[in-house]
Amino acid sequence: MGKIIAIVNQKGGVGKTTTSINLSASLGVLGKKVLMIDLDPQGNATTGVGVDKRNIGSSIYEVLTMKAPIEQSIVKTKSVNLSVIPAYLNLAGVEMELIELERKYKESNNKFNRVMRLRDELSKVKDNYDYILIDCPPSLGILTTNALATADSVLIPVQCEYYALEGIMQLINTVMLAQRKVNPNLDIEGVLLTMLSVNTNLGLEVISSIKEFFKERVYDTIIPRLIKLAEAPSHGKTILDYDPRGKGTKAYLNLAKEVIERNGSKEESIG
Ligand SMILES: Nc1ncnc2c1ncn2[C@@H]1O[C@H](COP(=O)(O)OP(=O)(O)OP(=O)(O)O)[C@@H](O)[C@H]1O
Ligand SMILES: [Mg+2]
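Residues numbered from 1 in each chain as written. Chains lettered and ligands numbered in written order. Predicted model: local features only at pLDDT ≥ 70, side-chain atom pairs only at ≥ 80, totals over all residues. Heavy atoms only, no water.

Before going further, it helps to examine the pairing of strand β6 (residues 153–159). The element β6 is largely enclosed, with a buried count of seven among its seven residues. Residue alternation in β6 divides its side chains into two sets, Ser-153, Leu-155, Pro-157 and Gln-159 and Val-154, Ile-156 and Val-158, and both sets are buried. Bridge count for strand β1 (residues 3–7) against β6 is three bridges, and the pairing is parallel. Its bridge partner being in β6, Ile-7 is matched across the sheet by Leu-155. Where β6 lies against strand β7 (residues 187–196), seven bridges are found, and the strand directions are parallel. Following the sheet pairing, Pro-157 is matched in β7 by Leu-192. (Buried < 20%, exposed > 50% of the residue type's maximum accessible area, 1.4 Å probe, protein only. Helix = DSSP H or I, 4+ residues; strand = E, 2+ residues; numbered from the N terminus. Pairing = 2+ DSSP bridges.)

Written out as structure tokens, the structure reads:
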């Protein structure tokens, strides 16, 4: 059964999309069947895996608003074992539409819960994958709430910068609220330090304060700040295709191994 991991942080530009793309691709290369869901109207995860937004039949917007079945919205990428449900700008208007749909359904005494839309749809395809990664937008609105309602866990990218922990309490509170209201089993998968610059002492201070806060949840792998990681999406390539022997590929493959290891050892401890 697929493990659903939401990549969340309401703070913008911390590496959510870069991590969604390259962790998904790395898990695929390591033999896991992966579905990446682009849940950001910007659609950067979609283009980042080489899917042309102009040629999309249906996207996550159509899935959430019941205009297209989820099975028809899954697109295979050039990366091994990696499929994606794309996002397009129309996703930006989804909240109003979901409220409207919920009202209509209520009138006809049918069940419809706008917070559970992604969960209801994913339940149909979940078993076809080992991992389902959700790239969340930089807000805690209806889209992120849908991700938190369906995810088994959250992976939180944190940028190695002075204000790294700013907003983290709000994020933790939101995760705890989701646990109480809609998803009691929601767990913290891990905290990923991103964009570490080699030439500053600041990085080390930030790392120790984040480790103090999140303890063993912080991955050993730290993603360095690398031009190649920023360039790859403009070529529609994951880092594994764009710079297969480079440091970025190495870092994300290491992260994928850690993710697999953590999940493997959990399974063992359960069974
Ligand atoms: N390790 C890295 N090294 C260099 N640049 C990076 C790295 N990770 C991300 N970037 C760049 O930083 C910017 C923000 O990254 P990204 O889009 O992954 O963050 P995000 O959290 O998804 O942003 P948003 O909140 O807008 O969705 C992008 O231009 C990306 O290419
Ligand atoms: Mg993003």
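It is worth spelling out the pattern of salt bridges at this point. Two side chains carrying opposite charge are able to pair once their charged atoms lie near each other. According to the stated counting rule, one finds 10 salt bridges in the structure shown. Here Lys-11 makes a salt bridge to Glu-161, at a shortest N to O gap of 3.0 Å. Highlighted residues: Lys-11 in the loop between β1 and α1 (16–29) and Glu-161 in the loop between β6 and α7 (168–181), separated in sequence by 150 residues. Across the pair Glu-102 and Arg-114 runs a salt bridge whose closest N-O atoms are separated by 2.9 Å. In this pair, Glu-102 sits in helix α4 (residues 94–107) while Arg-114 sits in the loop between α4 and α5 (117–122), placing the two residues 12 residues apart along the sequence. For Arg-114, a relative accessible area of 26% gives the class partly exposed. (Salt bridge = Lys/Arg side-chain N within 4 Å of Asp/Glu carboxyl O.)

Moving on to the packing of aromatic side chains. As enumerated under the stated definition, the model contains three aromatic pairs in all. Their ring planes at 80 degrees and their centres at 4.7 Å tell us that Phe-213 and Phe-214 sit as a pair that is edge-to-face. Look at Phe-213 and you get partly exposed, because its relative accessible area is 40%. Accessibility expressed as a relative area gives 7% for Phe-214, which makes it buried. (Phe/Tyr/Trp six-rings, centres within 6.5 Å; stacked < 30°, edge-to-face > 60°.)

With that out of the way, let us pick up the site of ligand 1. In the vicinity of ligand 1, 18 residues are found, and the nearest of them are Lys-16, Thr-17, Thr-18, Pro-224 and Leu-226. For ligand 1, an oxygen atom lies 2.9 Å from a polar atom in the side chain of Lys-16. In isolation ligand 1 offers 620 Å² of accessible surface; the protein chains occlude 79% of this area. Going through the elements one at a time, α1, β8 (218–224) and α9 (227–231) are the ones with two or more residues in the shell around ligand 1. If you tally residues by element for the shell around ligand 1, the top one is α1, at three residues. (Near = heavy atom within 4 Å. Polar contact = N/O pair within 3.5 Å; in protein donor to acceptor, adjacent residues only side chain to side chain. Areas by Shrake-Rupley, 256 points an atom, 1.4 Å probe, with all protein chains shown as cover.)

Geometric values such as these leave the question of function open.
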